[in-house]
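Remarks on the overall topology
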Amino acid sequence: MDPYRIRGKGSVSRYFLCAVGPPEGRSRPYDGETGGTNMADRSKPRRGSMGYSPRKRATRQFGRIGAWPESDASEIRVQGFAGWKAGMTHVLVRDNNQNSPSARQEVRKAVTVVEAPPMSVLAIRGYSMTPYGMQTVGEVWADSDSDPDGLTPRFANQTRGERDKEEGRKPAKRGGRIPKRGGSNMEALENLRNSDLCEVRLIVCTQPALVKSVTSKTPEIMEVSLVGGDNAAKLDWAEGRLGGSISLEDVYEAGQEVDVVGVTKGKGWQGSIKRWGIKLLSHKNSKRRRQGGNMGDFGTRYVRKTIRQAGQVGYHQRTELNKKILRISQPEDSEITPAGGFLNYGEVSNPYMLIQGSLPGPSKRMLRFRDAIRPRPSKGDVDITYVSTSSKQGA
């Protein structure tokens, strides 16, 4: 009699399973000492990635770029830009990939519209390499006459630390330093040229006063990298644009892939089921089902950080890699605002770009763009045959 063929779960079945050994050809675990069977080993991947920990709120509404790609290009250009997310629509694009099943056919693509007015160049910053990493050598600031509207409050926040120190108070934690803008630019530039620089970057700011839909009109100051040529050529190139502005067409072109850095939509405080996607407990569990099974072992006198618990969901900085730019244009050349305007945004009145796919964050969220740090081979030109401007009010 084969005990593994016995039906039922009663005492008779358990008696036969314990009385005899495992039959030949069976791989079921068998304990020779007790005469019984052991539970099979089970394994499964954990729910939720620890690579994004700690999942807490971002410190500000726009992302911070910590690394810039290197390039051997000879032409000097800026590697980054910033814009505001307006909304999404769809386009029809002719598939130019000869190896695609839909080659030379029109395919429908979802695109995100980003409004990107020109950015003002405030200063030039030089870096030198030290045993402790890159350190700032010096800066050359433009005259205050060329500042965009609304920049004074931003400088007032940055100079809070030095004002506190001068007035005998404890400097604020986030207090910055006062940019030196009254000296000679030629002398500061000459000091940079005589220094052993490893990198030259620009300090730029946005111009939200040109955007009708965003409520904050205070410019955001950020740093962008330069690529191409040597450092002396970069300093000459940056000197010619100090106090001026750079446009979206000067930085990117259609068909190029970029990385997008932004802050995602905030979802607030959520439970472990929504936050980590863990399994619901059995219906026989006492009182609660939407919680973790246990909080760890008894030997450890604290709760480990790997235990999945409730907390903040959303409003995290995230980077989308290799997002393709399908079009860079002006509203006068090709209208993009749908009938009735974009939901929660309104009209697009500045230069814009269409980026394939979705981008992090809600509408009116500022996004930063960077050259692709993990570039892929180019797939040819972009041929857009239709852009939808139908009303999004019923979407």
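So, here's what we can say about the structure. (Residues numbered from 1 in each chain as written. Predicted model: local features only at pLDDT ≥ 70, side-chain atom pairs only at ≥ 80, totals over all residues. Heavy atoms only, no water.)

**Let's talk about the overall build of the protein**
When its secondary structure is counted, the protein shows seven helices and 15 strands. A buried classification covers 40% of the 395 residues belonging to the protein. Taking contacts inside the protein between residues at least 6 apart in sequence as the whole, the part at least 24 apart equals 75%. Working note: accessible area of the protein is about 23900 Å², and carbon and sulfur atoms make up 46% of it. (Helix = DSSP H or I, 4+ residues; strand = E, 2+ residues; numbered from the N terminus. Buried < 20%, exposed > 50% of the residue type's maximum accessible area, 1.4 Å probe, protein only. Contact = heavy atoms within 4.5 Å. Areas by Shrake-Rupley, 256 points an atom, 1.4 Å probe, with all protein chains shown as cover.)

**Some thoughts on the packing of aromatic side chains**
In total, this model carries zero aromatic pairs according to the counting rule given. Over the ring of W276 we find R55, and its NZ or CZ is 4.4 Å from the ring centre. (Phe/Tyr/Trp six-rings, centres within 6.5 Å; stacked < 30°, edge-to-face > 60°. Lys NZ or Arg CZ within 6 Å of the ring centre and 35° of its normal.)

**Quick notes on the nonpolar core**
Formed by 59 residues in total, the largest nonpolar core has its most connected members in I124, L202, Y252, L354 and F369. If one sorts the elements of this core by residue count, strand 2 (residues 80-94) sits on top with six residues. Core analysis: the next-biggest nonpolar cluster, separate from the first, contains seven residues, L122, W141, I203 and C205 among them. (Core = buried A, V, L, I, M, F, W, Y, C linked by side-chain atoms within 4.5 Å.)

**Here's the deal with the pairing of strand 2**
With twelve of 15 residues buried, strand 2 is to be regarded as a mostly interior element. In this sheet, strand 14 (residues 366-371) lies alongside strand 2 in antiparallel orientation, the contact comprising five bridges. Within the sheet, the bridge partner assigned to F81 lies in strand 14 and is F369. Direction of pairing for strand 2 relative to strand 3 (residues 106-115): antiparallel, over a ladder of ten bridges. (Pairing = 2+ DSSP bridges.)

**A closer look at the packing of helix 4 (residues 185-194) against helix 5 (residues 231-241)**
Contact geometry for helix 4 and helix 5: axes closest at 10 Å, N-to-C directions at 160°. Judged by the inter-axis angle, helix 4 sits roughly antiparallel to helix 5. Viewed along their axes, helix 4 and helix 5 form a crossing whose handedness is right-handed. Along its contact with helix 4, which presents M186, L189, L192 and R193, the element helix 5 presents L235, D236 and E239. (Axes fitted to C-alpha atoms, helices over the stretch in contact; angles between N-to-C directions. Parallel < 35°, antiparallel > 145°, perpendicular 65-115°, else oblique. Left-handed = near helix turned anticlockwise from the far one by under 90°.)

**Here's the deal with a negative patch on the surface**
Residues E332, D333, E335 and E347 make up a contiguous surface patch of negative charge. With respect to the secondary-structure elements, D333 resides in the loop between strand 12 (317-329) and strand 13 (352-356). For D333, a relative accessible area of 63% translates into the label exposed. (Patch = residues over 30% accessible without salt bridge, like charges linked within 9 Å, V, L, I, M, F, W, Y side chains within 5 Å. Salt bridge = Lys/Arg side-chain N within 4 Å of Asp/Glu carboxyl O. Lys, Arg positive; Asp, Glu negative; His and termini not counted. Charge placed at Lys NZ, Arg CZ, Asp CG, Glu CD.)

**Observations regarding the side chain of T337**
Within the fold, T337 resides in the loop between strand 12 and strand 13. Given a relative accessible area of 12%, T337 falls into the buried group. Of note is the side chain of T337, whose polar atom sits 3.0 Å from the backbone nitrogen of V348. (Polar contact = N/O pair within 3.5 Å; in protein donor to acceptor, adjacent residues only side chain to side chain.)

**Digging into the pattern of salt bridges**
Per the stated rule, a full pass over the model turns up twelve salt bridges. With its nearest N and O atoms 2.8 Å apart, the salt bridge here joins E223 to R201. In this pair, E223 is assigned in strand 7 (residues 221-227) and R201 in strand 6 (residues 199-205), connecting sequence segments 22 residues apart. For E223, a relative accessible area of 17% corresponds to the buried category. Note on R201: relative accessible area 10%, which makes it buried. Its salt-bridge partner being D259, residue R370 comes within 2.8 Å of it at the nearest N-O pair.

**Section: the side chain of R55**
The residue R55 is located in the loop between helix 1 (11-19) and strand 1 (77-78) in this model. Within the local environment of R55, its side chain forms a polar contact with the backbone oxygen of S49, the two atoms lying 3.3 Å apart.

**Overview of the environment of G83**
Tracing the sequence through the fold places G83 in strand 2. The spacing of G83 and M353 is 270 residues in sequence and 9.3 Å in space, taken between C-alpha atoms. Non-local contacts of G83, meaning those with residues more than four positions away in its chain, are made with V114, E115, A116, R365, M366, L367 and F369.

**What to know about helix 5**
Three or more residues of helix 5 are buried, namely K234, L235, W237 and A238. Taken down its axis, helix 5 places every buried residue within 165° of arc, on the same side. The elements touched by buried residues of helix 5 are strand 1, strand 4 (119-130), helix 4, strand 6 and strand 7. Just beyond helix 5, the residue with positive phi is G243, at close to 85°. (Arc of directions from axis to C-beta.)

**Description of the pairing of strand 3**
Here strand 3 runs beside strand 13; their pairing, made up of five bridges, is antiparallel. Among the inter-strand pairings, E115 is bridged to a residue of strand 13, identified as Y352.

**Here's the deal with unusual backbone geometry**
Cis rather than trans, the peptide bond between S53 and P54 has omega equal to -5°. By the secondary structure assignment, P54 is in the loop between helix 1 and strand 1. We note that K287 has phi near 75°; this positive angle belongs to a residue other than glycine. By the secondary structure assignment, K287 is in the loop between helix 7 (272-276) and strand 11 (311-314). Backbone geometry at K364 places phi at a positive 75°, although glycine is not the residue there. By the element assignment, K364 lies in the loop between strand 13 and strand 14. Given a relative accessible area of 35%, K364 falls into the partly exposed group.

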